[in-house]
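In case you want the letters, here they are:
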Amino acid sequence: MKRRSYANPIQQMRMISGDPLLLVAIILILASLIIFILYPLISVILTSVRGRDGYTLGIMREVIASNYLRTGFRNSIMMGGLTALLGALVGFLFAYAIARTDIPFKKFFHIIAIIPVVSPPFIGALSIIMLFGNNGLITYHLFKINNYPIYGFRGLLFAQVITFFPVAYITLRGVIESISPTLEDAALDLGGSRWKVFSRVTLPLTIPGIASAMLVLFIETLADFGNPLILAGSRFPILSVQAYLQITGMYDLPKGSAIALFLLAPSITAYFLQKYWVSRKQYVTITGKPTSSSIKSVSPLAKWLLFTFCVIVAALILLIYITILWGAFAKVWGSDNSLTFNHFRYVFGVGFKAVKDTLVIAGISTPLAGLLGMIIAFLVVRKKFPGKRFMEFTSMLSFAVPGTVIGIGYILAFNRPPLILTGTLLILLLNFIFRYIPVGIQSGVAILRQVDASIEEAAIDLGADSKKTFFRITLPLMVPAFFSGLIFSFVRAMTAISAAIFLVSSRWNLMTVQIMSQVESGRLGAAAAFSVILVLIILAAMFLIRTLLSLRYGRFGGTMLKI
Amino acid sequence: MGVRLVNISKIFADPYHPDKQVTAVKDANIEVKDGEFVTFLGPSGCGKTTTLRIISGFENPTTGEIWISGRMVNDDPPNRRDTSMVFQSYAIFPHLSVEQNIGFGLELRGKPKKEIKEAVGKIMEVMNLKGYAARRPDQLSGGQQQRVALARAIINQPSVLLFDEPLSNLDAKLREQMRLEIRRIQQTFGITSIYVTHDQAEAMTVSDRIVVMNEGNIIQIGTPFEIYSRPVNRFVADFIGRVNFFSGQAASLVGDRVEVDFGVFSKTFESWSGLAKEKSNVVVTVRPESLRLHHTGDKSSFPLKGKISKIVYLGAVVEYEITCAELEKPILAVTHNPVEEGFFQSGEEVFIDYNSKAAHVLFE
């Protein structure tokens, strides 16, 4: 019997106050969510409307009046929309080919599609510059074209689709696999042609999934900072970059904040559409168990077309990564391609501080984010207390808030009393922790909904208090969720740039920021070497976590160890 | 001593209309004596599980007091109440072994390892779980998981043992076996027990007393015999076993005796419940096994006459459905020992009577 207890907030408070630890945990978490998520956001809003004397909409008006920034807004929305469309299309075809046909090399295609997810999002841009830029391998050296116009719309769209289509692929593969092939078999059996079965059964069932994937791609592209910074150029302004340039170039905090708000609005809108509208229309859950695939529903011709398509996409991705790898060893990219270890010597010499800093920051923040995520998931699913919906909402907010916005918020909020944190390790840690809890919360909530609540009740009934219940029973049961959340937040922390670029200092720097500044100063080799090391660290960490997990928790294995 | 519920009510918000309220338990007063086995019985949604969860502390009552072993425990959280629950889903910790599961409560109480091991070993022997100490829960059968859950609850020697439909996930045969087992173990340890079920046969076999509930109200509290043979109203009579209802009018009331007028004839009964009033409508309840069927008879001694419309042969007993011209619903009769007593044929005319002592009158 799932019924909401008719207890008012005061009664709820009384129930919790019987358990001091729980009370303290709830208050601490609520307070830190307010301080480290809401307060920076509010600071952005307030700064954008604060004039010399009192509040004003002048700055907002200035932004709207600026032709250049209006173009930037249009560009950002267009880039987000087109990436969503193309990314979802590529992702769908890829997912459909792998889930519903018997093409060869499925495993290979899957791994290729996963690589962009676990690498820094600007690798695509870096590689495109190396291939098509002024000194590009393909444009300049192969076709002898001078100044091929790769900067701007075309190059960026290409980079964004390659970078973000894997997100759509992962979502849509889940959706397609959870549609029982017997549905398609039944439709075929009723006399439908293969195309009819696809267009009348399979496609309609995946539409909500496609819509959801598109909104996620839109949000991620809109928020993306690395690719546009490298590729957009000045004639194709993108909002996230413009906000950054306003602040770091012109030291104009109010205007940067105002621009950030124009970035925030469409992103939040898309997030709410995704969360409260599209996700309710889903026919099937995303985490369905794969059933045996029907391979009858695709004609041989369609199958080989799909295969060719997969080969082309895979080749493009491989090209990108091979270029990076080659670039890391080439003496001077484009002019002297003889191999050298100089760039790596640089990374392990002068650049090693950034590597160390990144490892320290990601290494400390991800387990903390993971643990905090598990605790919040537990509270939200299992406990009743005033402020619960607020906790759920705020903790998931960073999914919707572009990193640029939160980065600006952090420098605004923590550059003045009561909390002065700029330039410290702490500001980076806090930013990373609160930015990457949603992944953990999501997987935690998913797993807790599968664990019968009476298992924890049994522990309480036998005399365990809430601390013992959580650490002895709940947390061990959440271990798989904890580690899958950990892998993702580690990847994200290692590859983060949009918020972090505002927060780094000479004392604490990040590899991603280093890569950016190497690109800006034209040292593509060093940037490539940094990128290679970064991807290797991520792969090593994933391998390590997974090995540990399967050694210790082999029986939990299954679902999470797959990716 | 034992458990005492005083004026317990529980009001929930209606899940579909949050501003509306649903009363799950209404003004419940129940006293469970030390060492007694009491069952809350009723259809789903009657409030029995909510009442159990109020005793264990997982729900707070909206009003009323909960007393356990002479102490009011309203403000005690579940982990500080001296109760142990056996859950419907068993709720065995999936990441702990059988031994660790059973010893969990003692471990929480900080008992030394050696003592825990001894106690766990002892209880596993009583529960027929010997040799399963190192097993993982997913390597156990349903019945074994059930035993582990029971052992884990009993080892703490709680003042009260609570059962939340513990047998509903077992197959029929195992269920019958386990209810005897539960009764045996409860009596071995003499623990006060409260048991929730919607299965009346289960309630009859295990209980000292049964609390029949419906729509949040306690309808009747009594021994299985009382509940079955002297139900207080139509609901109890109908919910516990099968029953025939004959409507009539109370012609006269003399002491404990009530004469019921059925229209063509009247009959005197000694057992009744409800607000007794002359000239008021009554229902006479007769269990199918109390009806006697005859091949021949006459109108004066057998006012009830009908035709066999359905026969169900079950081996030890035979069930007959008999249609009577005077009655809307067919009468249900059960006869025993068909081999010796013989059969009635479908379509055959039969004469029916019953001993008035086997019947119970309900004033409505």
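Conventions and cut-offs
- Residues numbered from 1 in each chain as written.
- Chains lettered and ligands numbered in written order.
- Predicted model: local features only at pLDDT ≥ 70, side-chain atom pairs only at ≥ 80, totals over all residues.
- Core = buried A, V, L, I, M, F, W, Y, C linked by C-beta atoms within 7 Å.
- Buried ≥ 20, exposed ≤ 12 C-beta atoms within 10 Å, placed from the backbone.
- Helix = DSSP H or I, 4+ residues; strand = E, 2+ residues; numbered from the N terminus.
- Domains from an automatic or database assignment.
- Contact = placed C-beta atoms within 7 Å.
- Nonpolar A, V, L, I, M, F, W, Y, C, P; charged D, E, K, R; others polar.
- Axes fitted to C-alpha atoms, helices over the stretch in contact; angles between N-to-C directions.
- Parallel < 35°, antiparallel > 145°, perpendicular 65-115°, else oblique.
- Left-handed = near helix turned anticlockwise from the far one by under 90°.
- Pairing = 2+ DSSP bridges.
- Expected span 1.5 Å × (residues − 1).
- Bend = angle between axes of the 7 residues up to and from the residue.

Further remarks concern the nonpolar core. In terms of nonpolar packing, the biggest core is built from 163 residues, with Leu126 and Ala500 of chain A touching the most fellow members. With 13 residues, the top contributor of residues to this core is helix α24 (residues 524-552) of chain A. Summarising the domain contributions, this core has at least three residues from each of domain 1 (19-56 + 341-563) and domain 2 (66-338) of chain A. When residues no more than four places from it in sequence are discounted, the contact partners of Leu126 of chain A are Ile230, Ile324, Val519, Ala527, Ala528 and Ser531 of chain A. Core analysis: the second largest hydrophobic core is formed by 73 residues, Ile460 of chain A together with Ile92, Ile116 and Ile154 of chain B among them.

Attention now moves to the interface of chain B and chain A. Taken together, the contact between chain B and chain A spans 27 residues of the former and 24 residues of the latter. At the level of elements, β1 (3-13), α1 (48-56), β6 (83-86) and α2 (98-108) of chain B are the ones that each hand at least two residues to the side of chain B that touches chain A. Split into classes, the residues belonging to the side of chain B that touches chain A amount to 14 nonpolar, 11 polar and 2 charged.

This paragraph deals with the domain arrangement of chain B. Residues and elements named next belong to chain B. What the domain assignment lists for chain B is domain 1 (3-234) and domain 2 (242-363). Relative to domain 2, the C-alpha centre of domain 1 lies at a distance of 39 Å. On the domain 2 side, the residues contacting the 6 residues of domain 1 number 7 residues. By residue class, the composition of the side of domain 1 that touches domain 2 is 2 nonpolar, 2 polar and 2 charged.

Turning our attention to the packing of helix α9 (residues 181-189) of chain A against helix α10 (residues 194-223) of chain A. The description of two helices packed together rests on the angle between their axes and the distance between the axes. All names here are of chain A. As a packed pair, α9 and α10 sit with axes 10 Å apart at the nearest point and diverge in direction by 140°. On the basis of the axis angle, α9 is oblique to α10. At the point where α9 passes α10, the crossing takes the right-handed sense. Taken together, the residues of α10 that come into contact with α9 (itself represented by Leu183, Glu184, Ala187 and Leu188) are Val197, Val201 and Thr202. Looking at the contact of α9 with α10 residue by residue, the class counts come to 5 nonpolar, 1 polar and 1 charged.

Here the focus is the pairing of β1 of chain B. All names here are of chain B. In the sheet, β1 pairs with strand β4 (residues 63-68) via 5 bridges, with the strands oriented antiparallel. Bridge pairing in β4 links Val6 to Glu65. Pairing between β1 and strand β2 (residues 21-32): 8 bridges, direction antiparallel. Residue Ala13 lies in a different strand from β2, and its bridge partner there is Gln21.

Right, let's get into the sheet that holds β4 of chain B. All names here are of chain B. On the basis of which strands lie adjacent, the open sheet formed by 4 strands has the order β2-β1-β4-β5 and antiparallel pairing. What marks the edges here is a single partner per strand, and that holds for β2 and β5 (71-72). Examined bridge by bridge, β4 and β5 share 2 bridges and lie antiparallel to one another. What sits directly across from Trp67, in β5, is Met72. Against the sheet, α1 makes contact with β1, β2 and β4, and its axis sits at roughly 115° relative to β1, the strand it touches most.

Residue and element names in this part refer to chain B. Pairing is mixed in the open sheet, where 6 strands are placed in the order β13-β12-β11-β15-β21-β14. Looking along the sheet, the strands with just one partner apiece sit at the ends: β13 (266-269) and β14 (272-273). The pairing of strand β11 (residues 244-254) with strand β12 (residues 257-261) spans 5 bridges and is classified as antiparallel. Residue pairing across strands places Gln249 opposite Asp261, the latter belonging to β12.

This part takes up helix α8 (residues 153-178) of chain A. Residues and elements named next belong to chain A. For α8, with 26 residues, the first-to-last C-alpha span of 36 Å sits near the 38 Å given by 1.5 Å per residue. The largest bend in α8 comes to about 35°, at Phe164, with the proline Pro166 one to four residues further on. The buried fraction of α8 amounts to 20 of the 26 residues, a majority that puts the element mostly inside the structure.

Residues and elements named next belong to chain A. Between helix α21 (residues 453-461) and helix α22 (residues 466-495), the least distance of the axes is 10 Å, while the angle of their chain directions is 140°. Considered as vectors, α21 and α22 are oriented oblique to each other. Between α21 and α22 lies a crossing whose hand is right-handed. Taking contact as the criterion, the partners of Ile455, Glu456, Ala459 and Ile460 in α21 are, on α22, Thr469, Arg472, Ile473 and Thr474. Of the residues that constitute the contact of α21 with α22, the class distribution is 4 nonpolar, 2 polar and 2 charged.

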